[in-house]
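# Residue-level structural notes
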Amino acid sequence: MDRPKRRLLIVLLAAMWPVLPTTGTAQEDLPYFLRDRGTGVPTSLFGTYIRKGELIVYPFYEYYYDSNLEYDPAEFGYELAQDFRGEYEANEFLLFLGLGLTDWLAFEFEAAVISASLTKSPDDPSSQPDVLEESGLGDVEAQLRWRWKAESEKSPEIFSFFETVFPLQRDEVLIGTQHWEFKLGAGVIKGFRWGTMTLRTAVGYDEAEGKVEFGEYALEYLKRLSRVFRITALIEGQEDEVELIGDLQIHVTSWMFIRLNAGVGLTSKATDIAPEFGFVFTANVF
């Protein structure tokens, strides 16, 4: 190869370097129990962890469809206090921000805009419209997540989280949050040669209910298949709403990966289907 061609090749490789897939060398240098996830604090994005000084920006889209959503017309301001099942559909655009404050503490913020519709049951005699539609600001929430104990070869990692959902849609009934909501949870993580397991649970407080109740629970499996692909499968639930979620991460570069996932309801009160798609961007900011 002559000198001009060599120079051109060097220039092209230099230009392409930021978008080449990561080599995974740093991950492979870790002990086996950390190779799936690395050394970061677990975020609320399952299968995603954040390190000290790292910023995560995740714009994404989620669709919801439920053929038999349970609703009560009285809760929407209509006269009949009785449960019915209607058809629910929503399109939601969300922005997630995460910041690793230390090697044991992380902060998260998430906000959404959403459009939703509820087609009432044919058995519902109330004055509720046949189709109830709303759009605007969705849930807005913040979390603190901290690690109490790092994982070792023989013992699991122990972490906790505290979540606040802000009541910014007091006048809407289908979208957003009408009352303060708080959640306090904890979990354990253990990596094995065949994958990484996470078990977590939480208790929640809803201002409207005025009491503390057992909240969400989940069992999660994460596996790093290669430097590019990671998969996650989990069962997540809250009371009698249980769903199965599958997730695929495609690590295109060292600073960006694609998330594709879908949730499928396992119980009648869970959302039938909820696919999600987005791009996760990361950067070291300090």
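What this report covers is the structure whose coordinates are included nearby. Nothing here was measured: the structure is a model prediction, and the numbers come from that model. (Residues numbered from 1 in each chain as written. Predicted model: local features only at pLDDT ≥ 70, side-chain atom pairs only at ≥ 80, totals over all residues. Heavy atoms only, no water.)

### Points about the environment of lysine 52
Rules: We count a stretch as a helix when DSSP gives it H or I for four or more residues in a row; a strand needs E for two or more, and each element gets its number in order from the N terminus. Think of it in three bands: with a 1.4 Å probe and only protein chains considered, a residue is buried below 20% of the maximum accessible area for its type, exposed above 50%, and partly exposed in between. Residues count as neighbours in contact if any of their non-hydrogen atoms are within 4.5 Å of one another.
Note that lysine 52 resides in the loop between strand S2 (49-50) and strand S3 (54-71). You can call lysine 52 exposed: its relative accessible area is 53%. With 188 residues separating them along the chain, lysine 52 and aspartate 240 place their C-alpha atoms 37 Å apart. Look past the residues within four positions of lysine 52 in its chain and what remains in contact with it is Gly100, Leu101, Thr102, Asp103 and Phe286.

### Let's talk about the pairing of strand S14 (residues 273-284)
For clarity, the cut-off: Being paired, for any two strands, means DSSP has found at least two bridges between them.
In this structure, S3 lies alongside S14, joined through eight bridges in antiparallel fashion. Paired with phenylalanine 60 across the strands is glycine 278, a residue of S14. Here strand S13 (residues 256-265) runs beside S14; their pairing, made up of nine bridges, is antiparallel. Considered in S14, the bridge of isoleucine 258 is made with phenylalanine 279.

### Regarding the packing of aromatic side chains
This is how the line gets drawn: Only Phe, Tyr and Trp rings are paired, with Trp represented by its six-membered ring, and only when their centres lie within 6.5 Å; those with planes under 30 degrees apart are stacked, over 60 edge-to-face, the remainder tilted. Note on criteria: charge over ring means Lys NZ or Arg CZ within 6 Å of the ring centre, with the direction from the centre no more than 35 degrees off the ring normal.
Under the counting rule described, the total for this entry stands at 15 aromatic pairs. When the centroid spacing of 4.3 Å and the interplanar angle of 10° are considered together, the rings of tyrosine 58 and phenylalanine 60 count as stacked. Ring centres of tryptophan 180 and phenylalanine 182 lie 5.9 Å apart, and the angle between their planes is 0°; this geometry places the pair in the stacked category. Taking relative accessible area as the criterion, tryptophan 180 reaches 31% and is therefore assigned partly exposed. Aromatic ring contacts, followed pair by pair, group Phe162, Phe166, Trp180, Phe182 and Tyr205 into a single cluster. A cation sits over an aromatic face here: lysine 190 above phenylalanine 192, 5.5 Å from the ring centre. Geometry around phenylalanine 46 places arginine 259 over its ring, the cationic atom sitting 5.0 Å from the centre.

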